[in-house]
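Each chain is listed here by its residues.
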Amino acid sequence: MSRTRYWSVRNARWLKTLYASVEWLLIKANPLLQKIGYERLDRPFVRIEKMTKGVLLDSQSCGQCIVSFTGLSCPMNCPKAMRNGPCGGVRDDGTCEVKPDMKCVWVLAWEGNKRLSNDGYPIQVVQPPMDHRLIGHSAWLRELRLKTRDPAAASSDEI
Ligand code: SF4
């Protein structure tokens with residue numbers, strides 16, 4: 001899967017544009033999605049995310065996706081699950097301290113961010129700690145609820 005991960009980082013710019021279009025569609029469809037019920041839609045959305053983000057980005061379905069901040073490099077592929085920059089062990093050739101056969105996800109994140117530099121280097125945003133209760137839930141629906149100001153989305157207990 002790391003091959004698709006590398007490919008996605010190299011193609012971060014247009015993939016992010018594609019994602020923005022999907023997000024726009026979801027926002028338009030939100031009244032309908034709301035009627036169906038986010039809880040009911042969670043599982044089907046997770047399946048779709050696994051088929052798209054899972055394949056393209058090697059996304060690990062943490063339910064609180066931050067790849068738009070990390071140049072489309074999923075930080076959950078880091079063996080130490082670092083969500084705010086690399087550990088101190090990145091090798092000189094950019095590979096991972098723990099898994100030398102893969103590039104450090106944060107080296108990839110930096111490369112992806114350079115391709116998205118028109119967005120003002122979002123990699124600099126400090127990410128909150130991971131909420132383990134969201135693992136396995138739909139990140140897209142959560143993002144949609146946050147964007148459309150659904151107060152329930154602010155509380156992980158509601159998801
Ligand atoms: S080198 Fe990079 S990918 Fe490997 S553990 Fe450290 S931060 Fe994670």
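Structure shown above.
Positions within a chain are numbered from 1, following the residues in the order the chain's sequence is written. Under the rules for a predicted model, residues below a pLDDT of 70 receive no local features and side-chain atom pairs below 80 are neither given nor counted, while totals for whole chains, interfaces and linings still include all residues. For side-chain calculations, the full set of non-hydrogen atoms in the structure is used, while hydrogens and water are omitted.

Enquirer: Can you explain the overall build of the protein chain? Please cite residues and give values.
Expert: Counting its regular elements, the protein chain contains 5 helices and 0 strands. Taken from N to C terminus, the helices and strands of the protein chain fall in the order α-α-α-α-α. Against the globule reference of 15 Å for 159 residues, the protein chain gives a C-alpha radius of gyration of 16 Å, in line with a compact fold. A principal-axis box enclosing the C-alpha atoms of the protein chain has dimensions of 50 × 30 × 25 Å. Using a 1.4 Å probe on the protein chains alone, a residue whose accessible area is under 20% of its type maximum counts as buried, one over 50% counts as exposed, and one in between counts as partly exposed. Residue burial in the protein chain is summarised as follows: out of 159 residues, 42% are buried. The long-range share in the protein chain, meaning contacts at least 24 apart out of those at least 6 apart in sequence, stands at 62%. Per-residue and other accessible areas were derived by the Shrake-Rupley procedure at a 1.4 Å probe size, with only the shown protein chains allowed to occlude residues. If you sum the accessible surface of the protein chain, you get close to 9,200 Å²; carbon and sulfur atoms cover 58% of it. Strands here mean DSSP runs of E at least two residues long; helices mean DSSP runs of H or I at least four residues long; both are numbered from the N terminus. We compute the radius of gyration from the C-alpha atoms alone; for a globule the expected value is 2.2 Å times N to the 0.38, where N is the number of residues. Residue contacts are counted whenever heavy atoms from the two residues lie within 4.5 Å of one another.

Enquirer: Talk me through the layout of surface pockets; I want residue IDs and the actual numbers.
Expert: By volume, the largest pocket amounts to about 710 Å³. Looking at the lining of the largest pocket, the elements with two or more residues in it are helix 2 (12-36), helix 3 (38-57) and helix 5 (139-147). Among the elements that take part in the lining of the largest pocket, helix 2 stands out by supplying 7 residues, more than any other. In this classification, the charged set is Asp, Glu, Lys and Arg, the nonpolar set is Ala, Val, Leu, Ile, Met, Phe, Trp, Tyr, Cys and Pro, and all remaining amino acids, among them Gly, are polar. Class assignment for the residues of the lining of the largest pocket results in 17 nonpolar, 5 polar and 7 charged. Of the two site types, the cavity is a set of points on a 1 Å grid over the protein atoms alone where a 1.4 Å probe fits but cannot get out, and the pocket is an open set with protein on both sides within 12 Å along at least five of seven lines, each lined by residues with an atom within 4 Å of a point. Grid points are joined across faces, edges and corners, and a volume is the space filled by probe spheres set on the points.

Enquirer: Outline the side chain of T95, listing residues and values.
Expert: Take T95: it is sitting in the loop between helix 3 and helix 4 (105-115). Residue class for T95 comes out buried when judged on its relative accessible area of 12%. By the criterion applied in these results, polar contacts are pairs of N or O atoms within 3.5 Å in which, for protein atoms, one can donate a hydrogen and the other can accept it, and in which residues neighboring in sequence qualify only through two side-chain atoms. Reaching out from T95, the side chain makes a polar contact with the side chain of D93 at a distance of 2.6 Å. Residues in contact with T95, not counting those within four places in the same chain, are V90, P100, M102, K103 and C104.

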